[in-house]
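Examination of the molecular architecture
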Amino acid sequence: MKKIMKLFLLSALFSITSLCFATQADDEEFELRQQILNPIFEHFQSNPLHAPGKLRAEQLINKQIEEKTKYDYNSLEKVPWDTNVKNAYQKLEDIHKERRIGVNLNELVSSKFFAEGAKTAWDMKSGTCNDYADLVKIIFEFNILNDEENDTPSFFTKAIYIKAEADEGRHTPTSGNHVFILIQGKSGTLFAVDAFENQIKRLRTNFLDTIKDEEDKDGRGVKLSPEVSKKVTELFSQDGVYDILYIRPKTQWLVTPLFSKLRRNQIRTYDPSMAKLYKSLQSQFKGWFDYYELKPFKGKNQCKGCSVS
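For the structure shown, the criterion picks out one cavity of 30 Å³ or more. When its volume is computed, the largest cavity comes out at roughly 50 Å³. Every residue along the wall of the largest cavity is listed here: Leu 92, Ile 95, His 96, Arg 99, Gly 117, Thr 120, Ala 121, Met 124, Ser 126 and Asp 131. Elements represented by at least two residues in the lining of the largest cavity include exactly helix 4 (83–100) and helix 6 (111–124). Taken together, the residues of the lining of the largest cavity sort by class into four nonpolar, four polar and two charged.

Spelled out as structure tokens, the structure:
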């Protein structure tokens, strides 16, 4: 009995000691997981094909590990697609293409177009890496709006898109095709938050502090140095292997301050389509206020002539 009691006390002491060493960054990571990634995953997980691109990427990585080889871009087609995965992947590609037909630039950058795209992915429970990045950004900003309504300080200071630098002009692309969100905590820690991969990774250096908005003059993003790009790319390595479809050994990354600011403004500007998206998301965020109770939207046109449901 004494031995059992001693073990119990030691266990309790260990738990208390562990809690004492929890850092501010630990709290921030826990908050990101609880308030962003878990709700997204819980909503999408009932659809086994919720991220067909990720399933294809995993297949490519596993094949290379099994065969103890590494593919280049030109050898991807040698790996046959699973029919269901390929069909789901093509369906998402077609949806995104069809949404852009006949849409002018002003419409493309509107809150309405942005909200409707995110709601389509949410309702289908299926998306591309772009769709998942958009949902992370949207939920991040809506969480902050709810914190402001509660007069609760946020754990975080900013959320910025980071994407692989496009090089479609090359016969053999080198840079990859992926996008996710960087979130900076008040501790100064920089987190890579990727709902497509359902992962959060801490970056060793907070390079966002060295990037100024004015560097992004044309809105196309700021290219990271090769050294920092390499560190970001390594977040996606499995035993030194990359999927090649999205992430490649020489992937170069861009952070997008102006585009990220545009998205923030779209989310924080009243729009009936954004109100509908908010209502759909609210099922996973029980603590959220109603859309029209949030400070920026109080007294606005409450979607006359349409149903916010």
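Our next topic: the nonpolar core. Of all hydrophobic cores here, the largest spans 75 residues; its most connected members are Phe 142, Leu 182, Ile 183, Phe 207, Val 255 and Leu 281. It is helix 7 (residues 129–150) that provides the largest number of residues to this core, a total of eleven residues. Among residues more than four places away in sequence, those in contact with Val 255 are Ile 160, Tyr 161, Ile 162, Leu 182, Phe 207, Leu 208, Ile 211, Gly 221, Val 222 and Leu 224.

This next bit is on helix 8 (residues 226–234). Where helix 8 is concerned, the buried positions are Val 228, Ser 229, Val 232 and Thr 233. The arc that holds the buried residues of helix 8, viewed along the axis, is 140 degrees, so those residues lie on one side. Facing away from the buried side of helix 8 by over 90 degrees, the exposed positions are Pro 226, Glu 227 and Lys 230. Taken together, the buried residues of helix 8 touch strand 1 (156–164), strand 2 (179–185), strand 4 (199–203) and strand 6 (253–255).

So, how was this worked out
- Position numbers for residues start from 1 in each chain and track the written sequence from start to end.
- Where totals are concerned, whole chains, interfaces and linings use all residues; where local detail is concerned, this predicted model gives features only for residues with pLDDT of at least 70, and gives and counts side-chain atom pairs only at 80 or more.
- To get the side-chain values, take all heavy atoms of the structure and skip hydrogens and water.
- Two kinds of site are reported from a 1 Å grid over the protein atoms alone, namely cavities, where a 1.4 Å probe fits but cannot get out, and pockets, open sets with protein on both sides within 12 Å along at least five of seven lines, and residues are called lining when an atom falls within 4 Å of a point.
- Grid points are joined across faces, edges and corners, and a volume is the space filled by probe spheres set on the points.
- Per the convention used, a helix needs a DSSP run of H or I reaching at least four residues, while a strand needs a run of E reaching at least two, with both numbered from the N terminus.
- Three categories are distinguished: nonpolar for Ala, Val, Leu, Ile, Met, Phe, Trp, Tyr, Cys and Pro, charged for Asp, Glu, Lys and Arg, and polar for the others, with Gly belonging to the last.
- For our purposes a nonpolar core is just a set of buried Ala, Val, Leu, Ile, Met, Phe, Trp, Tyr and Cys residues, chained together by side-chain atoms within 4.5 Å.
- Remark: exposure states derive from per-residue accessible area (1.4 Å probe, protein chains only) relative to the maximum for the residue type, with buried under 20%, exposed over 50%, and partly exposed in between.
- Residue contacts follow a heavy-atom distance rule, with two residues in contact if any of their heavy atoms lie within 4.5 Å.
- Directions pointing from the helix axis toward each C-beta atom define the arc.

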